[in-house]
Amino acid sequence: MAMMIEPDGFFRALADPTRLRCLMLLQQEGELCVCELTYALDVVQPKVSRHLAQLREVGIVSDRRQGLWIYYRLHPDLPEWAKDTLKATAQGVAAMQPFARDRDVLRRMPNRPGGHCCVV
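Residues numbered from 1 in each chain as written. Predicted model: local features only at pLDDT ≥ 70, side-chain atom pairs only at ≥ 80, totals over all residues. Heavy atoms only, no water.

A short note on the environment of Pro-79
In this fold, Pro-79 is placed in the loop between β3 (69–74) and α5 (80–93). Taking C-alpha positions, Pro-79 is 7.5 Å from Ile-5, a pair spaced 74 residues apart along the chain. (Helix = DSSP H or I, 4+ residues; strand = E, 2+ residues; numbered from the N terminus.)

Structure below.
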């Protein structure tokens, strides 16, 4: 069952560049650890975590803890209109900066989760 998300809160969340970059990576990758987002965006961990917490409060992302690591993904119960919006946005900005760079940096990240990259 789709959850209720207020459109104004949803679009307000997308209006921030850091949150939008996180969401575009999550749309492309499915699930990412905080350390992967920090590395890809070249943003300090507290800032990334603060933005992810805001996205979680709105209901756009969900998280899970695995040992020391926290993984984020798009909330599985997002309404279809929200999923469609994120998908269309990711497709539309795929070749634009900083989104293309974020994906490239993430692909080159050494020691991705499963190693010892993440400290929460």
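What to know about the sheet that holds β3
What the 3 strands build is an open sheet, ordered β1-β3-β2; its pairing is antiparallel. Each edge of the open sheet carries a strand with a single partner, namely β1 (31–33) and β2 (61–66). The sheet shows a mean angle of 25° between the axes of neighbouring strands, direction not considered. Examined bridge by bridge, β2 and β3 share 6 bridges and lie antiparallel to one another. The partner of Val-61 across the bridge, within β3, is Leu-74. Each of β1 and β3 touches helix α3 (residues 34–41); the most contacted strand, β1, lies at about 85° to it. (Pairing = 2+ DSSP bridges. Axes fitted to C-alpha atoms, helices over the stretch in contact; angles between N-to-C directions. Contact = heavy atoms within 4.5 Å.)

Thoughts on the pattern of salt bridges
Overall, the coordinates contain 7 salt bridges when judged by the stated rule. Between Glu-36 and Arg-112 there is a salt bridge, with its nearest N and O atoms 2.7 Å apart. Pair noted here: Glu-36 is in helix α3 and Arg-112 is in the segment after α6 (99–107), with a separation of 76 residues, a long-range link. The class for Glu-36 is buried, based on a relative accessible area of 5%. Asp-104 serves as the salt-bridge partner of Arg-107, at 2.6 Å between the closest nitrogen and oxygen. Taken together, the residues Arg-107 and Asp-104, both in helix α6 and 3 residues apart, mark about one turn of the helix. (Salt bridge = Lys/Arg side-chain N within 4 Å of Asp/Glu carboxyl O. Buried < 20%, exposed > 50% of the residue type's maximum accessible area, 1.4 Å probe, protein only.)

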